[in-house]
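# Overview (structure and organization)
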Amino acid sequence: MKIYLKDLYFHFKKQQINPDLILSKWILTLFCNYIPFNDLAKIFDNFILNGWSAVIKFCLVFLDQLQKHFLKMDLNLISKFMRDNSKQLHTNFNLVLDQ
C-alpha cells in the first residue's frame with residue numbers, strides 16, 4: 001500500500017490507522033463481509049487460479065476505488081464507514097474485479 005497508494009497510506013498513518021488491520025480483516029474473511037455474494041465468487045475463482053497475489057491485488061484496487069472517500073475522513077469516520085457500509089460500499093465491484 002505504501003508503494004501503490006502513497007496518499008492513502010500516509011493519510012491512514014496520520015489518522016493512526018494501521019492499514020494492516022483493514023487489510024487483514026478483508027483477507028482473513030476473503031471479503032465475505034464486504035462484498036455481495038455474486039462478486040465474491042469471482043474473487044474466489046481468481047484466488048483459486050492465481051493464489052494470494054490475486055487477493056492482494058484486489059485489496060489495492062479496492063482501496064484505490066475508496067481512496068477519494070477515505071482521504072476526506074478522520075479515524076472515526078473511516079472506522080464507521082468500514083463497520084456500517086460492509087455490503088453497501090459504493091464501489092463498482094465489477095470494475096475492481098476486472099482490473
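Residues numbered from 1 in each chain as written. Predicted model: local features only at pLDDT ≥ 70, side-chain atom pairs only at ≥ 80, totals over all residues. Heavy atoms only, no water.

### Concerning the overall build of the chain
A count of helices and strands for the chain gives 6 helices and 0 strands. For the chain, the succession of helices and strands along the chain, N to C, is α-α-α-α-α-α. When the 99 residues of the chain are sorted by exposure, 41% land in the buried category. Look at the contacts in the chain between residues 6 or more apart in sequence, and 70% of them connect residues 24 or more apart. (Helix = DSSP H or I, 4+ residues; strand = E, 2+ residues; numbered from the N terminus. Buried < 20%, exposed > 50% of the residue type's maximum accessible area, 1.4 Å probe, protein only. Contact = heavy atoms within 4.5 Å.)

### As for the nonpolar core
Ranked by internal contacts, the top residues of the largest apolar core, which has 26 residues, are Met-1, Phe-12, Trp-26, Phe-31, Leu-63 and Phe-70. Secondary structure elements with two or more residues in this core: helix H1 (6–14), helix H2 (19–29), helix H3 (37–50), helix H4 (52–70) and helix H5 (75–84). (Core = buried A, V, L, I, M, F, W, Y, C linked by side-chain atoms within 4.5 Å.)

### Section: the environment of Lys-13
Its place among the elements puts Lys-13 in helix H1. Distance in space between the C-alpha atoms of Lys-13 and Leu-75 is 9.9 Å, their sequence separation being 62 residues.

### A closer look at the layout of surface pockets
In this structure, the largest pocket occupies an estimated 200 Å³ of space. Along its surface, the largest pocket is lined by 12 residues, and Ile-17, Leu-21, Ile-22, Ser-79 and Met-82 are the ones closest to its centre. When residues of the lining of the largest pocket are traced back to their parent elements, those giving at least two are H2 and H5. Here the element with the most residues in the lining of the largest pocket is H5; it accounts for 5 residues. When its residues are assigned to classes, the lining of the largest pocket shows 7 nonpolar, 3 polar and 2 charged. (1 Å grid on protein atoms, 1.4 Å probe; cavity = no way out; pocket = protein on both sides within 12 Å on 5 of 7 lines; lining within 4 Å. Points joined across faces, edges and corners; volume = space filled by probe spheres on them. Nonpolar A, V, L, I, M, F, W, Y, C, P; charged D, E, K, R; others polar.)

### Some thoughts on the packing of H3 against H4
Packed helices, taken two at a time, are described by the angle between their axes plus the distance between the axes. Relative to each other, H3 and H4 sit at 135°, their axes nearing to 6 Å. In terms of axis orientation, H3 runs oblique to H4. Together, Ile-43, Asn-46, Phe-47 and Asn-50 of H3 and Trp-52, Ser-53, Ala-54, Val-55 and Phe-58 of H4 make up the contact between the two elements. A breakdown of the residues in the contact of H3 with H4 according to their chemical character gives 6 nonpolar, 3 polar and no charged. (Axes fitted to C-alpha atoms, helices over the stretch in contact; angles between N-to-C directions. Parallel < 35°, antiparallel > 145°, perpendicular 65-115°, else oblique.)

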